[in-house]
Amino acid sequence: MGLGRTRSVGVRGVEGFLVEVESDVASGLPAFTVSGRADAACAQAPDRVRAAAANSQHPIPARRITVNLSPASVLKVGSGFDLAIVVATLVAAREIPTGVVEDVVHIGELGLDGSVRPVRGLVPMVVAAAKAGVRHVVVPVANAREARLVAGVQVHPVARLDELVARYRALAKRRPVLEVPEPDAALVPDRPPPDLADVVGQTEGRLAVEIAAAGAHHLYLVGPPGAGKSMLAERLPGLLPELDDQQAMEVTAISSILGTLTSFDGLCRRPPFVAPHHGASMPAIIGGGSGLVLPGAVTQAHHGVLFLDEAPEFRPGVMQALRQPIESGHVVVARAIGNVRFPCEFQLVLAANPCPCGMGSGKAAACSCSPIQQRRYSGRLSGPILDRIDIQVHVPAPSRAALLGEPGESTEVVRARVEAARGTQRERWSGRPYAVNGRVPGPVLRSEAFRLGSGRTADLDRAVDRGLLSLRGYDRCLRLAWTIADLAGRISPSRDDVGLALSLRHQPALAA
Ligand SMILES: [Zn+2]
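*Asks:* What is the right way to look at the overall build of the protein in this model?
*Replies:* Of the regular secondary structure elements, the protein holds 22 helices and 18 strands. With respect to the three principal axes, the spread of C-alpha positions in the protein is 85 × 45 × 45 Å. Counting every position in the protein, which comprises 512 residues, the buried fraction comes to 50%. At a minimum sequence separation of 6, the contacts of the protein that also span at least 24 residues come to 73%. For the protein, the distance from the average position of its 56 positive side-chain charges to the average position of its 49 negative side-chain charges is 4 Å.

Shown next, in the form of structure tokens:
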């Protein structure tokens, strides 16, 4: 009978890729096969396509039908190619006029009743289509708002297959095309981030969070249960600047793949906050799963904050696996089908009790742990991870006086200082591959251009001489001192700034 062609989009990692869909309807024994590296769900498309087409009064002819998806080198995962496959096949069967669908991208799963069902990952898919110069994208009606987050492409929502066929027939005859009414998606309003003013007392903890936000330093909070470690960590994203266009698009694409987008008013502009449970599996943290490889917590926290509460309770393998993402800003998930790479530039916040019973600091008499238990607990966090963490502070249980005291500064006030400090850093490090103090390599800060002079680093030098501070520790203090100076609006760190930096990274009770 003939050949039909159209296009679709697949997802690999957090990137979409264009797929050419070709359907050949020939005489011969009835058969319907999909070739071109399709996974199980994709290879089952013929069953769904046949039923959906029959129930839409456009049955697929009982011929030999061969569908080819290219490029053949990339695995096509899931049921999102159904709509393109049925459209190409109906063109080959002369049910849809030729010449109107070749350059259109079709995305959607078919229900057996002929409905067009939503799929995950619309944002990266439509981004890929737009980048390839595609002008028209047909998407499931339930995905329309998500698809429209991407600029530069005309989005055509469709609810049922028969209605799509009717629109293409009308289009070929140049009759006005029926537009599909879209359901009002229930909008979940963005909750405002929790405010720093809610944190009572915790002078050092609040300062640590502000400095962490200003310089993008990783943070480690140690204190007894109920001291407010989680409260502090949850308030870090609110102190961070809004995401720029590129970052917002990346974060929105990741949410789209995970199916967690709740607001379609625009791109995700606030840095995400992700707090996996300590029992979480390796795929949940790093990424994985069967079928479509889904991003893990590290990628959900891309351009935001990854908070690991009760960090020593995480599986040792999981903590070790964090090393590469922290260093490189991406993670590679190894799969039989080939490696999948996800971005994950996150700010890490660890929290821990001082010992297994949680009472090991302050009134140490209350601690019931044996020295062996304490040592084993503190040894669970590996040196290479702790080496990357610039700020390590103790968060004591708030005193009664603090509870009755004045509320501290609000998120809004502190964020203004953070944004000013970020601006200073962008200027200082312009032309370099980093824009925040937290990512500056130590040798740069010890180089002639940024050396502080022995008058200002005397405390640090003494700590090194006494063996209390490693060279890495020295560099971390320098990074912090620069952020402290930036927050205060000083051109370079004073001796007091260096002293404060040193106090913000004393190894707390945990490693004692
Ligand atoms: Zn204890």
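Still to come is the rest of the account.
*Asks:* Before we go on, may I ask you to explain the coordination of the zinc ion in this structure?
*Replies:* Around a metal, the perfect tetrahedron of four donors has angles of 109.5 degrees, and the perfect octahedron of six donors has angles of 90 or 180 degrees. For the zinc ion, the protein coordination sphere consists of Cys355 (SG), Cys357 (SG), Cys367 (SG) and Cys369 (SG), at 2.1 to 2.4 Å. Coordination at the zinc ion comes from 4 donor atoms whose angles at the metal span 103 to 114°, giving a geometry best classed as tetrahedral. Mapped onto the sequence, the donors of the zinc ion take the spacing C-x1-C-x9-C-x1-C. Residue Cys357 is located in the loop between β17 (347–352) and α15 (371–378), and its partner Cys367 is located in the loop between β17 and α15; the two are separated by 10 residues in the primary sequence. Judged by its relative accessible area of 29%, Cys357 falls in the partly exposed class. Judged by its relative accessible area of 18%, Cys367 is buried.

*Asks:* Can you walk me through helix α10 (residues 245–258) in this structure?
*Replies:* An α-helical turn contains 3.6 residues, so a residue and the one three or four places further along point in the same direction. In a regular helix each residue adds 1.5 Å, so 14 residues correspond to 20 Å; α10 covers 20 Å between its end C-alpha atoms and thus fits that length. Restricting attention to buried positions, one finds in α10 the residues Ala248, Val251, Thr252, Ala253, Ile254, Ser255, Ser256, Ile257 and Leu258. Residues of α10 that are buried in the fold lie against β1 (2–12), α4 (122–131), α5 (144–147), β13 (294–295), α12 (297–300) and β16 (340–343). Just beyond α10, the residue with positive phi is Gly259, at close to 70°.

*Asks:* Looking at this structure, I do not really get the side chain of Arg479. What am I missing?
*Replies:* Mapped onto the elements, Arg479 comes out in helix α21 (residues 471–488). The exposure class of Arg479 is buried, given its relative accessible area of 12%. Polar side-chain contacts of Arg479 include one of 2.9 Å to the backbone oxygen of Val440. Not counting chain neighbours up to four residues away, the residues in contact with Arg479 comprise His217, Asp390, Asn437, Gly438, Val440, Pro441, Gly442 and Leu445.

*Asks:* Any chance you could explain the sheet that holds strand β18 (residues 391–394) here in plain terms?
*Replies:* Through backbone hydrogen bonds, the strands of a sheet pair up, either in parallel or in antiparallel fashion. Spatial strand order, β11-β14-β17-β10-β18: 5 strands in an open sheet with parallel pairing. Pairing within the sheet leaves two strands with one partner each, and these edge strands are β11 (273–274) and β18. Relative to β17, strand β10 (residues 219–222) runs parallel, the two sharing 4 bridges. Across the sheet, residue Val222 finds its bridge partner in β17, namely Ala352.

*Asks:* Which parts of the structure should I look at to understand the nonpolar core?
*Replies:* Across soluble globular proteins, nonpolar side chains have a tendency to be buried as a group. Val137, Ile285, Leu306, Leu322, Phe346, Leu348 and Leu350 are the most contacted members of the largest nonpolar core, which totals 60 residues. Here the element with the most residues in this core is α4; it accounts for 7 residues. Each of domain 1 (2–172) and domain 2 (196–436) contributes no fewer than three residues to this core. Those residues in contact with Leu306 that sit more than four places away from it in its chain are Val274, Pro276, Ala297, Val298, Ala301, Leu322, Phe346, Gln347, Leu348 and Val349. Counting 47 residues, the second-largest nonpolar core is a separate cluster that includes Ala212, Trp429, Phe450 and Leu504.

*Asks:* Please explain the domain arrangement of the protein as it appears in this structure.
*Replies:* How large an interface is tends to be reported as the accessible area lost when its parts come together. Along its sequence, the protein is organised into domain 1 (2–172) and domain 2 (196–436). Using C-alpha coordinates to define each centre, domain 1 is positioned 41 Å away from domain 2. In this assembly, 18 residues from domain 1 lie in contact with 23 residues from domain 2. Summed over both sides, the interface between domain 1 and domain 2 buries roughly 1,700 Å², with carbon and sulfur atoms accounting for 69% of that surface. On the domain 1 side of the contact with domain 2, Val14, Arg120 and Leu149 bury the most area, a combined 36% of that side's loss. Where domain 1 packs against domain 2, one counts 0 salt bridges. Taken together, domain 1 and domain 2 are joined by 5 residue pairs in polar contact (both at pLDDT 80 or more). At the level of secondary structure, the elements contributing two or more residues to the side of domain 1 that touches domain 2 comprise β1, α4 and α5. No other element matches α4, which puts 4 residues into the side of domain 1 that touches domain 2. Grouping the constituent residues of the side of domain 1 that touches domain 2 by class yields 10 nonpolar, 2 polar and 6 charged.

*Asks:* Can you help me understand the pattern of salt bridges in this one?
*Replies:* Where charged atoms from two side chains of opposite charge come close, those side chains can pair. Summed over the entire model, instances satisfying the criterion amount to 23 salt bridges. Linking Asp390 and Arg479 is a salt bridge whose minimum nitrogen-to-oxygen distance equals 3.2 Å. Of this pair, Asp390 sits in the loop between α16 (383–386) and β18 while Arg479 is found in helix α21, placing the two residues 89 residues apart along the sequence. When sorted by exposure, Asp390 lands in the same class as Arg479, which is buried. Glu409 serves as the salt-bridge partner of Arg417, at 2.7 Å between the closest nitrogen and oxygen. Judged by its relative accessible area of 26%, Arg417 falls in the partly exposed class. For Glu409, a relative accessible area of 36% corresponds to the partly exposed category. Because the salt bridges share partners, they merge into one network encompassing Asp198, Glu234 and Arg235.

*Asks:* What is the right way to read the layout of surface pockets from this model?
*Replies:* Here the idea is plain: a probe the size of a water molecule rolls over the atoms and shows the empty space left. Considering only enclosed or pocket space, the largest pocket measures out at about 1,300 Å³ in volume. Lining the largest pocket are 42 residues, with Ala216, Glu345, Val436, Gly438 and Arg439 positioned closest to its centre. Within the residue set of the lining of the largest pocket, elements represented by two or more residues are α14 (323–328), α18 (411–428), α19 (442–446) and α21. A per-element tally of the lining of the largest pocket places α21 first, with 5 residues. Residues of the lining of the largest pocket, tallied by class, amount to 16 nonpolar, 10 polar and 16 charged.

*Asks:* Mind showing me how you'd approach the packing of aromatic side chains here?
*Replies:* Aromatic ring pairs are reported here in terms of the distance separating the ring centres and the angle at which the planes meet. All chains considered together, the criterion is met by 4 aromatic pairs. Judged by centre distance (5.8 Å) and plane angle (70°), the ring pair of Trp429 and Tyr434 falls under edge-to-face. Centroid distance Phe450 to Trp482: 5.8 Å. Interplanar angle 80°. Geometry classified as edge-to-face. Of this pair, Phe450 sits in the loop between α19 and α20 (454–465) while Trp482 sits in helix α21, and the two are 32 residues apart along the sequence. For the pair formed by Phe450 and Trp482, the shared burial category is buried. Through a chain of ring-to-ring contacts, three or more aromatic side chains come together here, namely Trp429, Tyr434, Phe450 and Trp482.

About the cut-offs
Residues numbered from 1 in each chain as written. Predicted model: local features only at pLDDT ≥ 70, side-chain atom pairs only at ≥ 80, totals over all residues. Heavy atoms only, no water. Helix = DSSP H or I, 4+ residues; strand = E, 2+ residues; numbered from the N terminus. Buried < 20%, exposed > 50% of the residue type's maximum accessible area, 1.4 Å probe, protein only. Contact = heavy atoms within 4.5 Å. Lys, Arg positive; Asp, Glu negative; His and termini not counted. Charge placed at Lys NZ, Arg CZ, Asp CG, Glu CD. Donors = N, O, S within 2.8 Å, 3.2 Å for Na, K, Ca; no water. Tetrahedral: all angles 85-135°; square planar, octahedral: opposite > 155°, others 65-115°. Expected span 1.5 Å × (residues − 1). Polar contact = N/O pair within 3.5 Å; in protein donor to acceptor, adjacent residues only side chain to side chain. Pairing = 2+ DSSP bridges. Core = buried A, V, L, I, M, F, W, Y, C linked by side-chain atoms within 4.5 Å. Domains from an automatic or database assignment. Buried area = accessible area lost by both parts, 1.4 Å probe. Salt bridge = Lys/Arg side-chain N within 4 Å of Asp/Glu carboxyl O. Nonpolar A, V, L, I, M, F, W, Y, C, P; charged D, E, K, R; others polar. 1 Å grid on protein atoms, 1.4 Å probe; cavity = no way out; pocket = protein on both sides within 12 Å on 5 of 7 lines; lining within 4 Å. Points joined across faces, edges and corners; volume = space filled by probe spheres on them. Phe/Tyr/Trp six-rings, centres within 6.5 Å; stacked < 30°, edge-to-face > 60°.

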